[in-house]
Amino acid sequence: MTFADLGLSPKVVSAVADAGYTQPTPIQAGAIPHALEGKDVLGIAQTGTGKTASFVLPMLTRLEKGRARARMPRTLILEPTRELAAQVEENFVKYGKNHKLNIALLIGGVSFDEQDKKLERGADVLIATPGRLLDHRERGKLLLNGVEILVIDEADRMLDMGFIPDIERICEMIPFTRQTLFFSATMPPEITKLTEKFLHAPVRVEVARAASAATTVTQRLVKSMSKPWEKRDVLRKLIKQEEEGLKNAIIFCNRKVDVSELYKSLMRHEFSVGALHGDMDQRARMTMLTNFRDGKLKLLVASDVAARGLDIPDVSHVFNYDVPIHSEDYVHRIGRTGRAGRLGKSFTIATRNDTKYIDAIEKLIGQSIEWHDGDLSTVEESEGETDAPRRGKGAPRRAGRKDEGRERKPRGARHDAGEAAAPKAEADQEVQAQPAPARAAAPARKQRDWSNEGNRPPRENRNYRRRDDDDGDTPVGFGDDVPAFMLIEAKV
Ligand code: AMP
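Residues numbered from 1 in each chain as written. Predicted model: local features only at pLDDT ≥ 70, side-chain atom pairs only at ≥ 80, totals over all residues. Heavy atoms only, no water.

**Focus on the overall build of the protein chain**
To be explicit about the condition: Numbered from the N terminus, helices here are DSSP runs of H or I no shorter than four residues, and strands are runs of E no shorter than two. For every residue, the accessible area obtained with a 1.4 Å probe (protein chains only) is divided by the maximum for its type, and the residue is called buried under 20%, exposed over 50%, and partly exposed between those limits. Note on contacts: a residue pair is in contact if any heavy atoms of the two residues lie within 4.5 Å. Surface accessibility follows the Shrake-Rupley procedure with a 1.4 Å probe radius. Residue values consider only the protein chains on display as shielding.
Across its full length, the protein chain holds 18 helices and 14 strands. The buried share of the protein chain, reckoned over its 492 residues, is 54%. Pairs at least 24 apart in sequence give 76% of the contacts found in the protein chain among residues at least 6 apart. Of the roughly 21,800 Å² of accessible surface on the protein chain, a fraction of 52% belongs to carbon and sulfur atoms.

Structure follows, in structure tokens:
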């Protein structure tokens, strides 16, 4: 099958050929013909399957008729993160090179003025993160009632980041007669509910998930003591040991504070390293990413949220500086290497505190991971136990604390990560308002057996905004000590 067989316009087919693609991927072959007919599509596919082109190409074909009016975009694509939004824009530029289309990108961390100008000119394609989109709408700079095609991409990621209420609001602002193209890697119940509410007789196109943990990846656990400097030392030694076959590597941390600490430390030790986390402004993040892609940086320290979904080419090594708390993240992380049949290596630095997370990972991937150089039984902690410096004086140690450092933070009303340009009052919203029901559920929650759920808390309990801004470990607002009256559900 060729791209021309799918019914795409000659302009699009020619741009695809120039990009060097000859054969549609399964998601493209499955989704494009239906999307061209104007049907709603429910695409179940992960990044890396060619899913971006599966909505960009039919949109370009359909946009050839008609033109945009000021402040009334014709199409809208919602993305959970700025990088994904920027990546989609790149796809429109690449495949739309034979079209004269106005593309507007509305993401946080960039000034409103430029974005306003693009909206004013009339956008054929509007690519946005939900928070920034709603900001523009509230400022009266944007009307959504001209949107003919709505794309919701990475819906399960949106769920993880707490964007679903925003998505619902946005869906309700767009005419009922629109076409909706909806993509998600997984279909948890909340996402199914959303599709039932907002899609009309969708055509379901599902492509096989990538093998859960690539067989081309050699996985190893590496023992370490728990202090950050001890872990950093282990990491440096590992990188040096692996130097010969190490083309480039991503180093994953669980929290953004660790991303920046580790980055600075590796810089001090004169490694060729970049970092990716939500506190960096947009330009810095894009520069880091470009330099890493171009091979100017050998190592990239990143958090899961910052790296998720990014089209980073195959890397030779993945280092987990922290064992991921959610076992699924482990699969995503190591999936960054060993792509397309090539060989890759992953090393996960593990301390005594990590055993329950390692167990969960091994259960999920259905295999045990070999130790690189002896297991944890040979590790002697330097001074009692582990993360004491992080705890306040006299604060009781709580099970799952590390996990909560990322999840527990209140979810913002709806701003994009790192809204550098947002007024202070607005930016503050990001860490204040948490919906009463989500909070209220927490203290009353019974201990639940997650053994059959991949050791992962149920979705409803991790539906807090999980963007980078939320993955530090300082509690915000009341932390765990929310006064009882604030837990009473508000009646509207
Ligand atoms: P995506 O899943 O959209 O993130 O795409 C993953 C990668 O596949 C991107 O680098 C695309 O440029 C590439 N790609 C998209 N369509 C095709 C195709 N038909 N054949 C080969 N590669 C493709």
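Text resumes after the structure shown.
**Remarks on the site of the ligand**
What counts here: If a single non-hydrogen atom of a residue is within 4 Å of a molecule or strand, that residue counts as near it. The term polar contact refers here to a pair of N or O atoms within 3.5 Å; inside protein, the definition further demands a hydrogen-donor-capable atom paired with an acceptor-capable atom, and it admits residues adjacent in sequence only when both atoms are side-chain atoms. Charged residues are taken to be Asp, Glu, Lys and Arg, nonpolar residues to be Ala, Val, Leu, Ile, Met, Phe, Trp, Tyr, Cys and Pro, and polar residues to be all remaining types, Gly included.
Surveying the vicinity of the ligand reveals 14 residues, the closest of which are Tyr 21, Gln 28, Gly 48, Gly 50 and Thr 52. At a separation of 2.8 Å, an oxygen atom of the ligand approaches a polar backbone atom of Gly 50. One of the backbone N or O atoms of Lys 51 is found 3.3 Å from an oxygen atom in the ligand. Taken by itself the ligand offers 490 Å² of open surface, and the protein chains cover 77% of this. For the shell around the ligand, the residue count by class is 3 nonpolar, 8 polar and 3 charged.

**Describing the UniProt feature "domain: DEAD-box RNA helicase Q" (unreviewed entry) in the protein chain**
The cut-off we apply is this: UniProt positions are given in the numbering used here, feature names are shortened, and annotations may be inferred rather than shown by experiment.
Cross-referencing UniProt, the feature "domain: DEAD-box RNA helicase Q" (unreviewed entry) maps to residues 1-29 in the present numbering. For residues 1-29, the helix share is 45%, the strand share is 0%, and the end-to-end C-alpha distance is 8 Å.

**Overview of the sheet that holds strand β13 (residues 344-350)**
Keep this limit in mind: Whether two strands pair depends on DSSP finding at least two bridges between them.
In spatial order, the strands read β10-β11-β9-β12-β13-β8-β14; together these 7 strands make up an open sheet with parallel pairing. On the outer flanks of this sheet lie β10 (273-276) and β14 (370-371), each paired with one strand and no other. The pairing of β10 with strand β11 (residues 299-303) spans 4 bridges and is parallel. The residue bridging Gly 274 from the neighbouring strand is Leu 300, located in β11.

**Concerning the packing of helix α14 (residues 327-334) against helix α15 (residues 355-365)**
Stated precisely, the cut-off is as follows: Note on definitions: angles span 0 to 180 degrees between N-to-C directions of axes, and those axes are lines fitted to C-alpha atoms, for helices only across the stretch in contact. Working rule for angles: under 35 degrees goes down as roughly parallel, over 145 as roughly antiparallel, 65 to 115 as roughly perpendicular, anything else as oblique. Crossing handedness is read from the near helix: turned anticlockwise from the far helix by less than a right angle, it gives a left-handed crossing, and turned clockwise, a right-handed one.
Between α14 and α15, the least distance of the axes is 8 Å, while the angle of their chain directions is 65°. Between α14 and α15, the angle falls in the class roughly perpendicular. Seen along the crossing, α14 lies across α15 with a hand that is right-handed. Contacts from Ser 327, Glu 328, Tyr 330 and Val 331 of α14 reach α15 at Ala 360, Ile 361, Leu 364 and Ile 365. When the residues that make up the contact of α14 with α15 are grouped by side-chain class, the tally is 6 nonpolar, 1 polar and 1 charged.

**Re the confidence of the model for the protein chain**
Rule in force here: Confidence of the prediction at every residue is given by pLDDT, a number between 0 and 100.
Per-residue pLDDT for the protein chain averages 78, and the proportion of residues at 70 or more is 74%. Low pLDDT, under 50, characterises residues 384-487; the stretch is placed with 214 contacts to residues that sit more than four places away or in other chains.

**As for the pairing of β11**
Where burial is concerned, most of β11 is hidden: 5 out of the 5 residues are buried. The alternating pattern of β11 places Leu 299, Val 301 and Ser 303 and Leu 300 and Ala 302 on opposite faces, both of which are buried.

**Overview of the nonpolar core**
To keep it simple, the criterion reads: The set of buried Ala, Val, Leu, Ile, Met, Phe, Trp, Tyr and Cys residues whose side-chain atoms join them within 4.5 Å is what this entry labels a nonpolar core.
Ranked by internal contacts, the top residues of the largest apolar core, which has 38 residues, are Phe 55, Leu 57, Ile 77, Phe 92, Ile 127 and Leu 181. If one sorts the elements of this core by residue count, helix α3 (residues 51-63) sits on top with 7 residues. Those residues in contact with Ile 77, other than ones at most four positions away along the chain, are Phe 55, Met 59, Val 88, Phe 92, Val 125, Leu 126, Ile 127, Ala 128 and Val 151. Listed in part, the 37 residues of the second largest apolar core include Ile 250, Ile 251, Phe 271 and Phe 347.

**Notes on the side chain of Arg 236**
Relative to the helices and strands, Arg 236 is located in helix α10 (residues 228-241). You can call Arg 236 buried: its relative accessible area is 14%. Filtering out sequence-adjacent residues up to four positions away, Arg 236 remains in contact with Ser 265, Leu 266, His 269 and Phe 271.

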